[in-house]
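This is what each chain is made of:
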Amino acid sequence: MTEATMPEAATPEVMTRRGVMSAAAMQSESLQSADARRESPPSMIERMTLILDAFNGPTARLTLEDVARRTRLPRSTAHRILDQLVRQRWLAHHSFGYGLGQRALGLGGQDGGHGKIREAAAPLLHELQVTTGLVAHLAVLDGAEVFYLDKLGGRLATSVPSRVGGRAPAHCTALGKAMLAWLEPEQVDALLGSGISRFTSRTIGELGTLHQELHRIRQRRGLAFERGESYPGIACVAAAIRGAEVPVAGISLVGDIRAPLENVAPLVVTAAREASQILFPGSAPGARAGRPGGRTRRAVRTGEETSWSPETMNRLLAVDGRGDWM
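Let us look at the structure shown here. Along each chain, residues carry numbers from 1 onward, in the same order as the chain's sequence is written. Note on the predicted model: pLDDT of at least 70 is required for a residue's local features to be given, and 80 or more for side-chain atom pairs to be given and counted; whole-chain, interface and lining totals, by contrast, use all residues. Working from all heavy atoms in the structure, the side-chain values ignore hydrogens and water.

Concerning unusual backbone geometry
Leaving glycine out, the prevailing phi sign among residues is negative, and the prevailing peptide bond configuration is trans.
1) Next: In this model, Arg72 sits at a positive phi of 60°, which is unusual for a non-glycine residue.
2) Next: Strands here are runs of E lasting at least two residues and helices are runs of H or I lasting at least four, both read from the DSSP assignment and numbered beginning at the N terminus. Counting through the fold element by element, Arg72 comes out in the loop between helix H3 (64–71) and helix H4 (75–87).
3) Next: The residue Arg221 is not glycine, and still its phi comes out positive at about 60°.
4) Next: Turning to its location among the elements, Arg221 is positioned in the loop between helix H8 (207–219) and strand S6 (224–227).
5) Next: When accessible area is computed with a 1.4 Å probe and restricted to protein chains, residues below 20% of their type maximum are described as buried, those above 50% as exposed, and intermediate ones as partly exposed. For Arg221, a relative accessible area of 16% translates into the label buried.

Laid out in structure tokens, this is it:
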């Protein structure tokens, strides 16, 4: 045995040094354990809150891996709590991720059919967002406002000031106008009251002008556009999900003001039509408009081509005599 490999003699000095080293190691392990306890919420309620807070961001759909990364919880722990939150309807689970559920949206057990609408539209929104890279929305009309049921965002999500469970004035959003277009004029007046407010220089501020815009939307097969009406720098295209008589929800794609929305508009119309067929199989949306006195509104044609040529899109947009998107 060489001198380099000979064990150190167990002298009092060596034993003292070893004791100090052992104590230091134990203290280090204790500090690491304390840090771990501080990083991991000790109670189930804190962990559930941590997970729910993870959905308070620009993207309303998260995968299990997203949740584990944002909360820094073990994957197995996150999965177990997610399952419990889904069972209690705080979250909803689809094949491509988790989202806020009925209770988190303030809907409780009486969701007015919103749960079915979200379920029908969820895969369509996912496909729209993945295909276009834009922000996809699902909303319903609630009085004079739109109520956001879902939001799937890409890189633009943080720049779009919307959130699941949030609201926006219906008259200055493409989503709202897409749904208002299929109501009776008297219903629109009753919902919006005697006047409407301007939020930007491009917001429609008069009911008469709004009714003209709703007429143009019907002429465009239900396509609604807005550029900078609700927020400067943001543009949107939307179409309503319709039952036999009334609009039940709306689907939209949102991008910045320069986004060529005419390219993705047919996708939005197709998604809205497919959601209508899922929710109301066998019915033709718009077949009956429910006008008083037996009058019926001419329905938007069903079965229109799913891919529109540039000429078709130009004709649709040309119905706005000013050449502007509203």
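Some thoughts on the sheet that holds strand S4 (residues 145–152)
1) Next: A pair of strands is labelled paired if DSSP reports no fewer than 2 bridges between them. Read from one edge of the open sheet, 6 strands run S5-S4-S3-S8-S7-S6, paired in antiparallel fashion. Every other strand in the sheet has two partners, leaving strand S5 (167–169) and S6 as the edge strands with one partner each. Direction aside, the axes of adjacent strands within the sheet are offset by 30° on average.
2) Next: As judged from the 4 bridges shared by S6 and strand S7 (residues 234–242), these two strands associate in the antiparallel manner. Bridging across to S7, Arg227 finds its partner in Ala235. In this description, a line fitted to the C-alpha atoms serves as the axis of each element, helices being fitted only across the stretch in contact, and the angle between N-to-C directions of two axes falls anywhere from 0 to 180 degrees.

Notes on H8
1) Next: The end-to-end C-alpha distance of H8, which contains 13 residues, comes to 19 Å, matching closely the 18 Å that a straight helix rising 1.5 Å per residue would cover.
2) Next: What H8 keeps buried is the set Leu207, Leu210, Glu213, Leu214, Arg216 and Ile217.
3) Next: In the core, the buried residues of H8 are packed alongside helix H6 (174–180), helix H7 (185–192) and S6.
4) Next: Just past H8, the residue Arg221 takes up positive phi, approximately 60°. Each residue after the first adds 1.5 Å to the expected span of a helix. Residues are treated as being in contact if the distance between any of their heavy atoms lies within 4.5 Å.

Observations concerning the packing of aromatic side chains
For any pair of aromatic rings, geometry is given as the distance between the ring centres together with the angle between the planes.
1) Next: What counts as a ring pair is set by centres within 6.5 Å for rings of Phe, Tyr and Trp (its six-membered ring), and what kind of pair is set by the plane angle: stacked under 30 degrees, edge-to-face over 60, tilted for all other angles. Considering all chains together, one arrives at 0 aromatic pairs under this definition.
2) Next: Look at NZ for Lys and CZ for Arg. If either is within 6 Å of the ring centre and within 35 degrees of the ring normal, a charge sits over the ring. A cation over an aromatic ring shows up here: Arg242 above the ring of Trp182, its NZ or CZ 3.8 Å from the ring centre.

A few points about the packing of helix H2 (residues 44–53) against H4
1) Next: Relative to each other, H2 and H4 sit at 85°, their axes nearing to 10 Å. Relative to H4, H2 is oriented roughly perpendicular. From H2, Met44, Arg47, Met48, Ile51 and Leu52 reach across to H4, where they touch Thr77, Ala78, Arg80, Ile81, Leu82, Gln84 and Leu85. Should an angle fall under 35 degrees it is taken as roughly parallel, and over 145 as roughly antiparallel, whereas 65 to 115 is taken as roughly perpendicular and any remaining angle as oblique.

Comments concerning the pattern of salt bridges
1) Next: The salt bridge criterion pairs a side-chain nitrogen of Lys or Arg with a carboxyl oxygen of Asp or Glu, the two atoms within 4 Å. Within the structure shown, the criterion is met by 9 salt bridges.
2) Next: With a shortest N-O distance of 2.6 Å, Arg167 and Asp142 are connected by a salt bridge. Here Asp142 lies in strand S3 (residues 135–142) and Arg167 lies in strand S5, a separation of 25 residues in the sequence.
3) Next: According to the relative accessible area criterion, Arg167 is partly exposed, its value standing at 44%.
4) Next: For Lys177, the salt bridge identified is with Glu213, shortest N-O distance 3.6 Å. Of this pair, Lys177 sits in helix H6 while Glu213 sits in helix H8; the two residues are 36 residues apart in sequence, bridging distant segments of the chain.
5) Next: Judged by relative accessible area, which is 0%, Lys177 ranks as buried.
6) Next: Here the salt bridges share partners, and the residues they tie into one network are Lys177, Glu213, Arg216, Arg220 and Glu229.

Structural notes on the nonpolar core
1) Next: Of all hydrophobic cores here, the largest spans 61 residues; its most connected members are Leu138, Val146, Leu210, Val237, Ile251, Leu253 and Leu261.
2) Next: Setting aside residues up to four positions removed in sequence, Val237 forms contacts with Ala174, Leu223, Ala224, Phe225, Ile251, Ser252, Leu253, Leu261, Val264, Ala265 and Val268.
3) Next: What is meant by a nonpolar core is a set of buried Ala, Val, Leu, Ile, Met, Phe, Trp, Tyr and Cys residues, joined one to another through side-chain atoms within 4.5 Å. Core analysis: the second largest hydrophobic core is formed by 16 residues, Ile51, Val67, Ala78 and Tyr98 among them.

Considerations on helix H5 (residues 114–132)
1) Next: When the terminal C-alpha atoms of H5 are compared, their 25 Å separation across 19 residues agrees well with the 27 Å that a helix rising 1.5 Å per residue should span.
2) Next: By the largest-angle criterion, Ala121 marks the main kink of H5, which is about 40°, and a proline, Pro123, follows within four residues.
3) Next: Elements in contact with the buried residues of H5: strand S1 (91–94), strand S2 (97–100), S3, S4, strand S8 (247–256) and helix H9 (265–279). Bend is computed residue by residue as the angle between axes fitted to the seven residues ending at the residue and the seven residues starting at it.

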